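Survey of secondary and tertiary structure
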Amino acid sequence: MSGTGSRSGICSRRPDLFSVFGRYGIPFRLGESGITVETRAEGQFTLYERVAPSGRVERRLGFSGGTITINPVEPVNLPQEVTNTIEFHFTPIAIEPLSEVTVFLTFPVEIGVFSGSEGSYTLIDVFSLAKPKYSLYGTPEKGVITRHVETGVSHEPPPVDPLQEGILALAIRNTGKDWVWVSRAVFESPSLRIFYGPHAAMSAEMMVYSRILGETWVTRTPPREGMEEAIRIFPTKKSLVPEKPSYLMEYGVGD
Amino acid sequence: MVFESLSIPVIGTVTLFDLLVFAIAVFVVYIISRIVAIYLKKAFSDRVDPVELDKLVKVIQAAIIIVGVYAALPRFDINIADMVVVGGTIGLVAAFAGQRIVSNFGSGLFIIAERPMKPGDNVTIGEVSGTVDQIRVLSTIIKTYEGVYVRVPNEKVFTSEITNYVANVARRFEYSIGISYRSDAETAIRIIRSLLEDHPFVLAHPAPSVFVDSLAESAVIIRVFIWAPSRVWWSVRTEMLWTIKKALEEAGIEIPYPQRVVTIAPGARIEVSHAHGGGDIR
């Protein structure tokens, strides 16, 4: 896919990273799979322009130099933010008591465009080629709205279109005394740590206490050596709400 | 002369000078609370939800003023224990004098504790519908959908039926769509289901439901039940209805006007007379 794209400008992208993701010096222009991102200096300003199947966005930035970072972000922003929770729904897996299994799921990629430098970034744009869908985990009274991800289950990393999908390696451990059918995993977006290389990826763990109760968390280490950690949208909001390290699934781990 | 007059007792042992110092102290404390409020708003406006920030600022302002007034009170040489007794008596008298106010105050406390709504929620209280702007101790401020300011006394809020449209994270709405008897209901249902699957905010779970509900006089009625996030349900509702209408029409499925099929018995005669001499049909 990277062979079909075009680019110009200064780019600090490593060659093993997927072609769209990376850090770019202004001005630059890149085109990939129907997506065009361009920045050009106009006096004291920088004009940012993005064209994707979902539409065209133009922004005027109050600086004329520096870098722009493009990387996968927490997939809960489109078409508008209504939740910070993501729910993976997959083919049920029977887990033996006191056993662990690692499965590979896919998640939708939303692409974030940031300006700024270490520790102080701002989000300029977010877009995606993946089709968003939302769902409800729990009851309307006490549950949560979730970004719904319908995914297959693989025993090894599945092939993905890097612009649309990333890979989640999920280690599921059944700590209970009964067999449990697991078909859901729910995470809060502030805890997500997405890494990117040839594609976007995350590693997570899930502790199953019973068919009703489970706990999930995302690990902070790259799933594969050499992957870069993506800039997250959550810290740019500078929220005082603390990041919870794990999510307690109180409404069941199966259908 | 001026200084002498300041030292004249005006209430008990409290002098004019004491009153002046107390007034200045309260004014300074008020100014400090305002400065702190502005600083807090500047520092946290992009980090904290505006409603929560507003509450936080008010609590801190109140705390500063209470501490400031308390610190200035010794100027009066007032015994706090006496003040509590006097305050209690005054409170009792005030309660009798202003039962409505006390009732509103009590109701306000219950509403704040029970939390049937919060600022920003879309509600109907009695006959008033709109968005909750503020929940105060004595009254609740509603901004109607027309942008009108309505102050509802808390006593009325407490005794009225409150419908909160966004208290739950998701809510259901429905359409009744009539298609003609000549159209294929199964095709119509398939088209509607496909549109619902495509819309991001038509929730996957609980899944939407589409079915033939009744065979009415002029149309086959298809009912559509949709769950959507409460925050966006209205835009989904308005958007989907028109999308469904257009898609059905594009597929050649007729949404009929009310109509009646009249069958004329063989050999029957119909006579139509035109008022302006247009002739007869027999």
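Below or above, wherever it landed, is the structure these notes cover. Just so it is clear, the model here is predicted, and its values are computed rather than measured.

Looking only at helices and strands, chain A has zero helices and 19 strands in total. Nonlocal contacts in chain A, meaning residues at least 24 apart in sequence, comprise 70% of its contacts between residues at least 6 apart. Of the accessible surface of chain A, which amounts to about 11,200 Å², a share of 53% is contributed by carbon and sulfur atoms.

Looking now at the interface of chain A and chain B. Where interface size is quoted, it is often the accessible area lost as the parts come together. Listed by partner, the interface residues are 22 residues for chain A and 22 residues for chain B. Of the roughly 1,800 Å² buried between chain A and chain B on both sides combined, carbon and sulfur atoms contribute 62%. At the junction of chain A with chain B, the criterion picks out one salt bridge. The shortest N-O distance in the salt bridge between K131 of chain A and D198 of chain B comes to 3.1 Å. Linking chain A with chain B are eleven residue pairs in polar contact (both at pLDDT 80 or more). Taken together, the elements giving at least two residues each to the side of chain A that touches chain B come down to β11 (134-137) and β12 (144-151) of chain A.

A separate point is the sheet that holds strand β8 (residues 170-179) of chain B. Pairing between sheet strands relies on hydrogen bonds along the backbone, with the strands arranged either parallel or antiparallel. Residue and element names in this part refer to chain B. Strand order in the open sheet formed by three strands is β8-β10-β9, and the pairing between neighbours is antiparallel. Looking along the sheet, the strands with just one partner apiece sit at the ends: β8 and β9 (209-215). The sheet shows a mean angle of 25° between the axes of neighbouring strands, taken without regard to direction. Across six bridges, β9 lies against strand β10 (residues 220-229) in antiparallel orientation. Looking at β10, one finds that S214 is bridged to I221.

Let us now look at the packing of aromatic side chains. Residues and elements named next belong to chain A. In total, this model carries ten aromatic pairs over all chains according to the counting rule given. Considering the side-chain rings of F21 and Y196, the 5.7 Å spacing of their centres and the 70° angle between planes classify their relative orientation as edge-to-face. In this pair, F21 sits in the loop between β1 (6-11) and β2 (22-32) while Y196 sits in strand β15 (residues 195-196), placing the two residues 175 residues apart along the sequence. Y196 matches F21 in its accessibility class, with the two residues each being buried.

Residues and elements named next belong to chain A. Its place among the elements puts H155 in the loop between β12 and β13 (165-174). Since its relative accessible area comes to 68%, H155 is described here as exposed. C-alpha of H155 to C-alpha of V103: the two residues are 52 residues apart in sequence and 5.3 Å apart in space.

All names here are of chain A. Strand order in this open sheet of four strands is β11-β12-β7-β14, and the pairing throughout is mixed. Since the sheet does not close on itself, it has two edges, and those belong to β11 and β14 (180-188), each with one partner. For this sheet, the mean angle separating the axes of adjacent strands, direction not counted, is 45°. The pairing of β11 with β12 spans four bridges and is antiparallel. Bridge pairing in β12 links Y134 to R147.

A word on the pattern of salt bridges. Taken as a whole and judged by the stated rule, the model has 20 salt bridges over all chains. Notably, a salt bridge pairs R56 of chain A with E58 of chain A, separated by 2.6 Å at the nearest N-O pair. For R56 of chain A, a relative accessible area of 52% puts it in the exposed group. Relative accessible area serves as the criterion here: at 41%, E58 of chain A is assigned to the partly exposed category. Where K245 of chain B meets E249 of chain B, a salt bridge forms, and the shortest distance between an N and an O atom there is 3.0 Å. With a gap of four residues between them, K245 of chain B and E249 of chain B both fall in helix α8 (residues 233-250), about one helical turn apart.

Cut-offs used in this document
Residues numbered from 1 in each chain as written. Chains lettered and ligands numbered in written order. Predicted model: local features only at pLDDT ≥ 70, side-chain atom pairs only at ≥ 80, totals over all residues. Heavy atoms only, no water. Helix = DSSP H or I, 4+ residues; strand = E, 2+ residues; numbered from the N terminus. Contact = heavy atoms within 4.5 Å. Areas by Shrake-Rupley, 256 points an atom, 1.4 Å probe, with all protein chains shown as cover. Buried area = accessible area lost by both parts, 1.4 Å probe. Salt bridge = Lys/Arg side-chain N within 4 Å of Asp/Glu carboxyl O. Polar contact = N/O pair within 3.5 Å; in protein donor to acceptor, adjacent residues only side chain to side chain. Pairing = 2+ DSSP bridges. Axes fitted to C-alpha atoms, helices over the stretch in contact; angles between N-to-C directions. Phe/Tyr/Trp six-rings, centres within 6.5 Å; stacked < 30°, edge-to-face > 60°. Buried < 20%, exposed > 50% of the residue type's maximum accessible area, 1.4 Å probe, protein only.

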